[in-house]
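One-letter residues, chain by chain:
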Protein chains: 2
Amino acid sequence: MLELRHLRSLAAIADTGKLVQAAGRVHLTQSALSHQMRALEAHYGTTLFQRTGAGLRFTPAGQRLLQLARETLGAVAGAERDLARLQGDTRGDLRIALECHTCFDWLMPVMDEFRVRWPEVEVDLLAGFHSDPLDLLKSGKAELVIGSQKPRGRDYVALPLFRFEILVVMPLEHRLRTKRRVAAADLKGETLITYPVPEDRIDLVSQVLKPAGIRLERRTSELTVAILQLVASRRGIAALPNWGVRNYVDLDYVIARRIGAKGLWSDLHAVVPRTLAGRPYMTEFVEIIRAKCAAGLTGIELL
Amino acid sequence: MLELRHLRSLAAIADTGKLVQAAGRVHLTQSALSHQMRALEAHYGTTLFQRTGAGLRFTPAGQRLLQLARETLGAVAGAERDLARLQGDTRGDLRIALECHTCFDWLMPVMDEFRVRWPEVEVDLLAGFHSDPLDLLKSGKAELVIGSQKPRGRDYVALPLFRFEILVVMPLEHRLRTKRRVAAADLKGETLITYPVPEDRIDLVSQVLKPAGIRLERRTSELTVAILQLVASRRGIAALPNWGVRNYVDLDYVIARRIGAKGLWSDLHAVVPRTLAGRPYMTEFVEIIRAKCAAGLTGIELL
DNA sequence: GAATAACTTGAATTAAATTCATATTAGAGT
DNA sequence: ACTCTAATATGAATTTAATTCAAGTTATTC
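The structure contained in this document is the topic of the report that follows. (Residues numbered from 1 in each chain as written. Chains lettered and ligands numbered in written order. Predicted model: local features only at pLDDT ≥ 70, side-chain atom pairs only at ≥ 80, totals over all residues. Heavy atoms only, no water.)

Some details on the overall build of chain A
Line of reasoning, step 1. A count of helical and extended segments in chain A gives 11 helices and 13 strands.
Line of reasoning, step 2. Across its three principal axes, chain A shows a C-alpha extent of roughly 65 × 50 × 30 Å.
Line of reasoning, step 3. Within chain A, buried positions represent 49% of all 303 residues.
Line of reasoning, step 4. Restricting to contacts in chain A with at least 6 residues of sequence separation, those with at least 24 account for 73%.
Line of reasoning, step 5. Entry remark: accessible area of chain A is about 14700 Å², with carbon and sulfur atoms responsible for 50%.
Line of reasoning, step 6. Between the mean site of the 42 positive side-chain charges and the mean site of the 34 negative ones, chain A shows a separation of 6 Å. (Helix = DSSP H or I, 4+ residues; strand = E, 2+ residues; numbered from the N terminus. Buried < 20%, exposed > 50% of the residue type's maximum accessible area, 1.4 Å probe, protein only. Contact = heavy atoms within 4.5 Å. Areas by Shrake-Rupley, 256 points an atom, 1.4 Å probe, with all protein chains shown as cover. Lys, Arg positive; Asp, Glu negative; His and termini not counted. Charge placed at Lys NZ, Arg CZ, Asp CG, Glu CD.)

Laid out in structure tokens, this is it:
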């Protein structure tokens with residue numbers, strides 16, 4: 001008999017396309033999912049997927065069940081929000097600080113969705129640059145910080161978001177254009193264009209260049225588009241998240257290359273005070289980030 | 001974690017108001033339901049019911065979950081209909097014959113609902129009186145017979161609907177008005193007003209009067225209202241299902257009394273050819289009858 | 001104040017889902 | 001064609017969870 005568990009699995013399979021990854025999302029093994037889906041197929045006497053070497057593709061019957069899953073899981077989440085409201089006061093403030101400038105790119109739609117679901121929560125984005133965003137939590141000026149830093153104390157918890165790859169962005173005719181991957185030594189003599197943040201907050205510097213003993217000229221700009229314009233007009237190179245440059249690469253505006261053999265990756269977390277971490281709207285805000293980013297950004301990996 | 005099982009139980013509890021009866025509907029014991037609901041309450045940290053001596057009353061939180069249950073179970077049923085359609089031809093005929101005249105009272109809304117859900121199935125009600133409705137199945141003139149008779153052979157199956165009580169209906173000032181229950185002997189000398197069917201098809205006669213060796217005058221009429229008019233104007237008494245007379249009793253048009261100590265009860269079934277019994281639209285038609293009757297008729301008991 | 005008709009509870013049982021370890025399959029690259 | 005890789009499938013063992021069983025409570029009715 002159909003259970004929500006099946007629908008949750010179905011949705012995870014649709015999101016990831018693969019049993020192994022879907023299994024991770026629903027905290028099961030790949031084998032469990034295989035058994036589960038097989039049992040579903042037996043129950044309805046239909047095939048729900050076309051098994052290809054590269055994962056599962058939904059059949060029409062599978063799609064119909066997936067549609068049910070989407071509707072149903074949405075309705076369940078809505079009801080659970082209402083239960084939380086019935087239990088007590090769910091109002092609160094959610095002031096957000098960003099450690100990474102590029103996160104603006106995806107934050108707005110996340111906030112929009114959140115405001116629909118939790119109209120009683122005051123969401124705000126703290127503007128401007130902050131030397132140490134985690135301090136904002138301690139001083140009570142923010143309730144949530146998005147970034148790669150993890151908190152030291154026991155008073156704050158880091159809720160995992162996703163891992164993304166940082167690519168070197170270069171002008172079209174750059175001398176390194178023929179390389180598929182770029183090593184630290186290759187970059188000697190370049191000018192690095194970054195957001196106006198301390199050097200040690202730039203992963204390319206702290207994790208690649210500094211260990212290799214290389215120092216580059218720097219130039220800063222506040223906006224991603226401005227950085228890309230500078231790169232395109234040969235004023236230097238930049239290091240930006242995969243998702244932030246993908247569009248410009250596709251438009252042949254700049255080129256982007258992997259850094260080192262495995263690439264330079266960074267983990268993003270949402271850091272919140274432990275006292276607020278259990279609030280339903282907090283966990284849901286994080287859930288919305290994960291869902292929207294997994295759906296909308298290319299080349300990321302949910303943590 | 002919430003599962004459809006919980007929602008199915010919740011809906012059953014709402015329909016019946018009692019754990020024992022709800023348990024029957026979802027094929028569990030009452031204890032299982034108690035554990036299940038207790039676990040749900042623990043999971044959400046809320047109370048879902050107010051336990052009274054006479055059953056369970058939903059709290060606001062319980063009502064919200066019940067609303068979710070109604071939406072969700074409807075959506076699931078819809079999806080399962082579509083799966084059946086995707087699997088093959090779901091068209092078919094559903095010609096219905098009635099053994100009991102009073103069933104007209106509830107059949108129309110059932111058919112309406114069915115037509116919405118299964119537009120591709122041709123539903124029809126066979127008009128007129130049939131001496132042996134089960135013969136219509138054998139001769140291929142009907143696909144479903146509603147009545148108390150059970151089929152003899154292995155070629156037909158009886159799907160249980162509900163049990164209802166048959167009451168004696170009498171004019172307001174009748175000599176038996178002071179009795180709470182009426183015995184066979186009390187009825188001696190009365191005129192019995194019935195639908196125009198053979199005597200052995202009238203439960204009061206075959207199960208109460210004949211065993212007691214009592215024969216009454218008979219007078220017949222096609223319509224329930226006409227029978228009630230005759231009764232009200234003192235032309236005789238009648239034996240009709242609880243649900244069919246309830247309104248007229250409430251309006252002080254006639255009075256109705258229980259027959260014997262435990263009452264006279266009759267079981268209603270839907271008899272269908274075995275070959276068609278598995279068709280999704282068949283099981284759903286029966287399901288609609290049970291649901292609508294359980295919700296709309298008083299004094300019945302689902303089988 | 002017993003009898004009834006509910007629900008609750010904890011332990012025992014049963015059933016079902018999940019994992020583990022391994023097999024199988026399909027496709028890509030050489 | 002062959003081997004490597006990245007998938008899913010399978011069957012038995014295990015674990016987990018749900019359900020029943022057998023009393024135990026509680027409220028209400030007559």
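Structural notes on the packing of helix α1 (residues 4-16) of chain B against helix α4 (residues 60-87) of chain B
All names here are of chain B.
Line of reasoning, step 1. For the pair α1 and α4, the least separation of the axes is 9 Å and the interaxial angle reads 110°. It follows that α1 is roughly perpendicular to α4 by the angle criterion. For the pair α1 and α4, the crossing hand works out as left-handed. Where α1 approaches α4, its residues L4, L7, R8, L10, A11, A14 and D15 are matched on the opposing element by L65, L66, L68, A69, R70, T72, L73 and V76.
Line of reasoning, step 2. When the residues that make up the contact of α1 with α4 are grouped by side-chain class, the tally is 11 nonpolar, 1 polar and 3 charged. (Axes fitted to C-alpha atoms, helices over the stretch in contact; angles between N-to-C directions. Parallel < 35°, antiparallel > 145°, perpendicular 65-115°, else oblique. Left-handed = near helix turned anticlockwise from the far one by under 90°. Nonpolar A, V, L, I, M, F, W, Y, C, P; charged D, E, K, R; others polar.)

Re the protein's contact with DNA strand D
Line of reasoning, step 1. Looking at DNA strand D, there are 19 residues lining it, with L19(A), S31(A), R51(A), T29(B) and S31(B) nearest.
Line of reasoning, step 2. For DNA strand D, the fraction of atoms within 4 Å of the protein that belong to sugar or phosphate moieties is 60%.
Line of reasoning, step 3. One nitrogen or oxygen atom from the side chain of S31(B) is found 2.5 Å from a base nitrogen belonging to DNA strand D.
Line of reasoning, step 4. Of all the elements in the fold, those that place two or more residues in the surface near DNA strand D are α2 (19-25), α3 (30-44) and β2 (55-58) of chain A together with α3 (30-44) of chain B. (Near = heavy atom within 4 Å. Polar contact = N/O pair within 3.5 Å; in protein donor to acceptor, adjacent residues only side chain to side chain.)

Concerning the relation of the copies chain B and chain A
Line of reasoning, step 1. When chain B is brought onto chain A, the operation consists of a screw motion whose angular component is 179° and whose axial shift is 0.1 Å, with 0.2 Å RMSD remaining. Both copies are brought into coincidence by an operation consistent with a two-fold rotation axis. (Least-squares fit on C-alpha atoms with pLDDT ≥ 70 in both.)

As for the packing of aromatic side chains
Residues and elements named next belong to chain A.
Line of reasoning, step 1. Using the criterion set out here, one finds 16 aromatic pairs over all chains in the structure.
Line of reasoning, step 2. Ring centres of W106 and F162 lie 5.8 Å apart, and the angle between their planes is 65°; this geometry places the pair in the edge-to-face category. Of this pair, W106 sits in helix α5 (residues 104-117) while F162 sits in strand β6 (residues 156-170); the two residues are 56 residues apart in sequence, bridging distant segments of the chain. F162 shares its class with W106; the two are buried.
Line of reasoning, step 3. Seen from their ring centres, F114 and F285 are 5.2 Å apart, and the 85° between their planes marks the pair as edge-to-face. Placement of F114 in helix α5 and of F285 in helix α11 (residues 280-296) is noted, with a sequence separation of 171 residues between them. (Phe/Tyr/Trp six-rings, centres within 6.5 Å; stacked < 30°, edge-to-face > 60°.)

Observations regarding the pattern of salt bridges
Line of reasoning, step 1. Counted by the stated rule, this structure contains 41 salt bridges over all chains.
Line of reasoning, step 2. Across the salt bridge formed by R163(A) and D267(A), the nearest N and O atoms sit 2.7 Å from each other. In this pair, R163(A) sits in strand β6 while D267(A) sits in strand β12 (residues 264-273), placing the two residues 104 residues apart along the sequence.
Line of reasoning, step 3. With its nearest N and O atoms 2.8 Å apart, the salt bridge here joins E284(B) to R117(B). Of this pair, E284(B) sits in helix α11 (residues 280-296) while R117(B) is found in helix α5 (residues 104-117), placing the two residues 167 residues apart along the sequence.
Line of reasoning, step 4. Residue E284(B) is classed as buried on the basis of its relative accessible area of 12%.
Line of reasoning, step 5. Each of the salt bridges in this network shares a partner with another, and the network as a whole consists of R81(A), E113(A), R117(A), E284(A) and K292(A). (Salt bridge = Lys/Arg side-chain N within 4 Å of Asp/Glu carboxyl O.)

Comments concerning the state of the cysteines
Residue and element names in this part refer to chain A.
Line of reasoning, step 1. Under the definition given, this model contains 2 disulfides over all chains.
Line of reasoning, step 2. Across a sulfur-sulfur distance of 2.1 Å, C100 and C103 are joined as a disulfide pair. Classification of the bridge connecting C100 and C103 rests on its S-S torsion, roughly -75°, and on that basis the disulfide is left-handed. The two residues C100 and C103 agree in class, both being buried.
Line of reasoning, step 3. The structure places no disulfide on C293, whose sulfur is separated from the nearest cysteine sulfur, that of C103, by 8.0 Å. (Disulfide = S-S within 2.5 Å.)

Re the protein's contact with DNA strand C
Line of reasoning, step 1. Neighbouring DNA strand C are 19 residues; T29(A), S31(A), L19(B), Q30(B) and R51(B) lie closest to it.
Line of reasoning, step 2. Considering DNA strand C, the proportion of its atoms within 4 Å of the protein that are sugar or phosphate atoms stands at 60%.
Line of reasoning, step 3. T29(A) has a polar backbone atom sitting 2.7 Å from a phosphate oxygen of DNA strand C.
Line of reasoning, step 4. Contributing elements (two or more residues each) for the surface near DNA strand C: α3 of chain A together with α2 (19-25), α3 and β2 (55-58) of chain B.
Line of reasoning, step 5. At 5 residues, α3(B) tops the list of elements feeding residues into the surface near DNA strand C.
Line of reasoning, step 6. Partitioned by chemical class, the residues of the surface near DNA strand C number 5 nonpolar, 10 polar and 4 charged.

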